[in-house]
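Breakdown of the fold
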Amino acid sequence: IFPVFIVLMNSFKSKLYISSEPFALPTPETFSGLSNYTEGLSRTGFFTAFMTSLFVTVLSVAVIVIFTSMTAWYITRVKNIFTKLCYYAFVFSMVVPFQMVMFTMSKMANVLRLDNPIGLIFIYLGFGAGLSVFIFSGFVKSIPKSLEEASIIDGCNVFETFWRVVFPMLKPTAITVAILNTMWVWNDYLLPYLVIGSDYKTIPIAVQYLKGGYGSVDMGAMMAMLVLAIVPVVIFYLFCQKYIIKGVAAGAVKG
């Protein structure tokens, strides 16, 4: 937590003292009040960038959780060559670094008209599917098949079995996947910059605009904006962390 504290502390110091005394507590001489925050908000269009980041993050994470959980359940329960190839394809996608495909990806995004916030959601689904399917698949294997068979006997179809039986048991895993992807999507700079550029600025892109010519950086305003960017993710994590440690199938099968 020390780096976060350093950022918070320096956000209230004059930018002249941040570089010379980065680890010193604010004093009456170095304390700048809320001037860094007001300067950063006025120069970056933070609230517009915040809404863009919120829109992209919420929908991307929701799409990733829903589609990858269904995919993991299908390829785990249905055993054939096709599902095995799909599983290995998802695993292989985690090995390929983003830098190898970023130029072709940005070109394809432009050709397919995905160079907008809505198109960015589907691109995040593609890049986030590998790890998410891998996590969900490992957890689906621990769910007793007898629960699904009992729901089918009771008259549930495939979709009802997934949404009423399987997905509620995947809740802790789904929240874990949501937290991991939220932190990634919210803080991601390179992918939005390549796909949507400055037309729809997310928070990382907006913060980057505090860097001026010849390498000059308004460190005070940047620290203040980083604090505002960190707060939503920290609140989300603190709210959801209790679900991560819960057992998925605890108490599901008794006897």
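Residues numbered from 1 in each chain as written. Predicted model: local features only at pLDDT ≥ 70, side-chain atom pairs only at ≥ 80, totals over all residues. Heavy atoms only, no water.

Observations concerning the overall build of the protein
A tally of regular secondary structure across the protein gives 13 helices and 0 strands. Walking the protein from its N terminus toward its C terminus, one meets helices and strands in the order α-α-α-α-α-α-α-α-α-α-α-α-α. On the principal axes, the C-alpha backbone points of the protein span a range of 75 × 45 × 30 Å. Burial analysis of the protein (255 residues in total) assigns 39% to the buried set. A separation of at least 24 residues holds for 72% of the contacts in the protein among residues at least 6 apart in sequence. For the protein, the exposed area adds up to about 14,500 Å²; of that, 70% sits on carbon and sulfur atoms. Averaging the positions of the 17 positive and the 11 negative side-chain charges in the protein gives two centres separated by 8 Å. (Helix = DSSP H or I, 4+ residues; strand = E, 2+ residues; numbered from the N terminus. Buried < 20%, exposed > 50% of the residue type's maximum accessible area, 1.4 Å probe, protein only. Contact = heavy atoms within 4.5 Å. Areas by Shrake-Rupley, 256 points an atom, 1.4 Å probe, with all protein chains shown as cover. Lys, Arg positive; Asp, Glu negative; His and termini not counted. Charge placed at Lys NZ, Arg CZ, Asp CG, Glu CD.)

Describing the packing of aromatic side chains
Taken as a whole and judged by the stated rule, the model has 14 aromatic pairs. Measuring from centroid to centroid gives 6.4 Å for Phe2 and Phe23, while their planes differ by 10 degrees, and the two rings are stacked. In this pair, Phe2 sits in helix H1 (residues 2-10) while Phe23 sits in the loop between helix H2 (15-18) and helix H3 (35-44), placing the two residues 21 residues apart along the sequence. Ring centres of Trp73 and Phe162 lie 5.4 Å apart, and the angle between their planes is 40 degrees; this geometry places the pair in the tilted category. (Phe/Tyr/Trp six-rings, centres within 6.5 Å; stacked < 30°, edge-to-face > 60°.)

Things to note about the nonpolar core
Ranked by internal contacts, the top residues of the largest apolar core, which has 20 residues, are Val65, Trp73, Phe136, Ile143, Val166, Leu170 and Val177. For this core, the leading source of residues is helix H4 (residues 46-77), giving 7 residues. When near neighbours in sequence (up to four residues on either side) are disregarded, Val177 contacts Ile64, Val65, Ser132, Ile135 and Phe136. Counting 18 residues, the second largest nonpolar core, distinct from the first, contains Tyr37, Ile203, Ala206 and Val233. (Core = buried A, V, L, I, M, F, W, Y, C linked by side-chain atoms within 4.5 Å.)

A word on the environment of Met225
Its place among the elements puts Met225 in helix H13 (residues 219-244). Spatially, the C-alpha atoms of Met225 and Gly40 are 6.2 Å apart, while their sequence positions differ by 185 residues. Those residues within four positions of Met225 in sequence are excluded, and the remaining contacts are Tyr37, Gly40, Leu41, Thr44, Phe46, Val207 and Leu210.

With respect to the confidence of the model for the protein
Mean pLDDT over the protein: 85, with 93% of residues reaching 70 or higher. Of all the helices and strands in the protein, H2 carries the lowest mean pLDDT, 80, while H4 carries the highest, 93. Within the model, the stretch residues 247-255 combines pLDDT values under 50 with 11 contacts to residues more than four positions away or in other chains. (pLDDT = per-residue confidence, 0-100.)

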